[in-house]
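A structural walkthrough
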Amino acid sequence: MPVFGAGVAHATSGGTCESATVQYRLVGADGGVVGEDWTSQGGFRSWDTIPGPVEVRLAPGQKVADGCKYPVSLAEYTTEGPNWATSGRQTMVDKATVYLTAADVAGDDDAKRTWQKLAVKLPECYGQIDLYGDDVAYDGKTGEGHGPAPYQPDGVNTPYHLIAAWNGGEKECADSPPDSPSPTPTPSEPTPSTPAGSTPPAEETTPPPTPKPSATPPTTPDVPPLSSKPPVTPEPSSSDSTPPLAETGAGAPVGLIAGGAAVVIALGAGAVFAARSRRS
């Protein structure tokens, strides 16, 4: 399988991390590689044998600063069919998440290194396994850390940041919705026969369009970093929210105010004296 070119991931001087390219491979119970070795190849794959644990790492040639984390999750769902077009409503059964850092970038002497591993319960019926680049549980629940469950009929293409997916199975799951029962015909009054020669022409009806097969959700090996929560805005203190009181202590300009008042009074008295002198 071709390996996508590694992107560049780094942290700026301000500490902002950018997207990074993930590689993965399937391993067996004995730790041996199953199928192709490290790859970033995306897409949906039908399984002949249900895939087991998945090892993940960051592709070589990337510069990842300390403090940058990249969540990668593996989730297993039961479905209503063995492929995406027939998967219907999916139900999450199990999920595992690891966080990749600068220590997980591939490089020299990789044969002696240990890589982070993801494992989930294996489906016993129709199912799908998704490898994706965030730590959200796409289980249809609400609240922080949860997202909408995949649902092909309504075009709900989750998980987001999907890296690769596998699906298959040979039997329906126990929790699959039962087929709708056929309606029981109700007795009705006999329809009067139409005289010969008076049968109205049949109306022409347009057959419903044949639905086109739906494309599988897009996949990408480039995943975003773990986003940090915004800093908490400090509560305003009482000194910040209470209007300042008039200063009356020793620091207040009492002398200046008193002196100004005395000047005003003196000027007023002089004006009155001058007016009386003119009258005299």
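Residues numbered from 1 in each chain as written. Predicted model: local features only at pLDDT ≥ 70, side-chain atom pairs only at ≥ 80, totals over all residues. Heavy atoms only, no water.

Observations regarding the overall build of the protein
So the rule is basically this: Each helix is a run of H or I in the DSSP string that is no shorter than four residues. Each strand is a run of E no shorter than two, and both are numbered from the N terminus. Note on classification: 1.4 Å probe, protein chains only; a residue is buried when its accessible area is under 20% of the maximum for its type, exposed when over 50%, partly exposed between these limits. In this description, accessible areas are obtained by the Shrake-Rupley approach with a 1.4 Å probe, and a residue is regarded as covered only by the protein chains that are shown.
Counting its secondary structure elements, the protein contains two helices and ten strands. Each helix and strand of the protein, placed in order from N terminus to C terminus, yields the pattern β-β-β-β-β-β-β-β-β-β-α-α. The buried share of the protein, taken over its 280 residues, is 31%. Just so you have it, the protein exposes about 18,400 Å², and 57% of that area is on carbon and sulfur atoms.

Points about the sheet that holds strand E9 (residues 162-168)
To summarise the sheet geometry, strands pair through backbone hydrogen bonds and adopt either a parallel or an antiparallel arrangement. Operational definition: For two strands to count as paired, DSSP must find a minimum of two bridges between them. Axis definition: a line fitted to C-alpha atoms, limited for helices to the stretch in contact. Angles are taken between N-to-C directions and run from 0 to 180 degrees.
With respect to topology, five strands assemble into an open sheet ordered E3-E9-E8-E5-E6, the strand pairing being mixed. A strand with exactly one partner marks an edge of an open sheet, and here the two such strands are strand E3 (44-46) and strand E6 (91-100). Geometrically, the sheet is characterised by an average inter-axis angle of 15° between neighbouring strands, direction not taken into account. Here strand E8 (residues 127-132) pairs with E9 via six bridges, running antiparallel. Directly across from Gln128, in E9, lies its bridge partner Asn167.

Examining the pattern of salt bridges
This is how the line gets drawn: Any Lys or Arg side-chain nitrogen located within 4 Å of an Asp or Glu carboxyl oxygen qualifies as a salt bridge.
A complete count under the given rule lists five salt bridges for this structure. Here Glu55 makes a salt bridge to Arg25, at a shortest N to O gap of 2.8 Å. Of this pair, Glu55 sits in strand E4 (residues 54-58) while Arg25 sits in strand E1 (residues 20-27), placing them 30 residues apart in sequence. Across this residue pair, the class does not change: Glu55 and Arg25 are buried. Between Arg45 and Glu36 there is a salt bridge, with the nearest N and O atoms lying 2.9 Å from each other. Owing to a relative accessible area of 17%, Arg45 belongs among the buried residues under this scheme. When salt bridges that share partners are traced, they join Arg25, Asp37 and Glu55 into one network.

A few points about the state of the cysteines
Heads up, the condition is: Note on disulfides: each one is a pair of cysteine sulfur atoms within 2.5 Å.
In total, this model carries two disulfides according to the counting rule given. Sulfur-sulfur distance for the disulfide between Cys17 and Cys68 comes to 2.0 Å. Judged by the sign of its S-S torsion, about -85°, the cystine formed by Cys17 and Cys68 is left-handed. One end of the pair, Cys17, is in the segment before E1; the other, Cys68, is in the loop between E4 and strand E5 (70-78), with 51 residues separating them in the sequence.

Things to note about the packing of aromatic side chains
Which entries qualify depends on this criterion: Working definition: rings of Phe, Tyr and Trp (its six-membered ring) pair if their centres are within 6.5 Å, and the pair is stacked with planes under 30 degrees apart, edge-to-face with planes over 60 apart, and tilted otherwise. Geometrically, a charge over a ring is one whose NZ (Lys) or CZ (Arg) sits within 6 Å of the ring centre while staying within 35 degrees of the ring normal.
Taken as a whole and judged by the stated rule, the model has five aromatic pairs. Look at Tyr24 and Trp166: their rings are 5.9 Å apart centre to centre, the planes differ by 90°, and that puts the pair in the edge-to-face class. Of this pair, Tyr24 sits in strand E1 while Trp166 sits in strand E9; the two residues are 142 residues apart in sequence, bridging distant segments of the chain. Its relative accessible area of 4% is what places Trp166 among the buried residues. A connected cluster of aromatic rings, assembled from ring pairs, spans Tyr132, Tyr138 and Tyr160. It is Arg89 that lies over the ring of Tyr151; its NZ or CZ is 4.1 Å from the centre.

Brief notes about the environment of Ala96
Where we set the bar: Note on contacts: a residue pair is in contact if any heavy atoms of the two residues lie within 4.5 Å.
When you line up the elements, Ala96 lands in strand E6. Taking C-alpha positions, Ala96 is 9.4 Å from Ala137, a pair spaced 41 residues apart along the chain. Discounting chain neighbours no more than four positions away, the residues touching Ala96 are Val72, Ser73, Leu74, Leu118, Ala119 and Val120.

Comments concerning the nonpolar core
The nonpolar side chains of soluble globular proteins are, as a tendency, buried together. What counts here: In these notes, a set of buried Ala, Val, Leu, Ile, Met, Phe, Trp, Tyr and Cys residues joined through side-chain atoms within 4.5 Å is what counts as a nonpolar core.
Counting residues in hydrophobic clusters, the biggest one holds 25 residues, and the most contacted among them are Val56, Val72 and Leu131. Only E1, E4, E5, E6, E8 and E9 provide two or more residues apiece to this core. The leading source of residues in this core is E1, at four residues. Residue contacts for Val72: discarding those within four places in its chain leaves Val22, Val56, Ala96, Thr97, Val98, Leu100, Leu118, Leu131, Tyr132, Gly133, Asp134 and Ile163. Grouped together as the second largest cluster of nonpolar side chains are ten residues, Ala75, Trp84, Met92 and Tyr138 included.

Brief notes about the side chain of Arg25
Which entries qualify depends on this criterion: The definition of a polar contact used here is a pair of N or O atoms within 3.5 Å, where within protein one atom must be able to donate a hydrogen and the other to accept one, and adjacent residues in sequence count solely through side-chain atom pairs.
With a relative accessible area of 16%, Arg25 lands in the buried category. A polar side-chain atom of Arg25 sits 2.9 Å from a polar atom in the side chain of Asp37. A distance of 2.8 Å separates a polar atom in the side chain of Arg25 from a polar atom in the side chain of Glu55. Once residues lying within four places of it in the same chain are set aside, the contact partners of Arg25 are Val33, Glu36, Asp37, Trp38, Pro53, Val54, Glu55 and Trp115.

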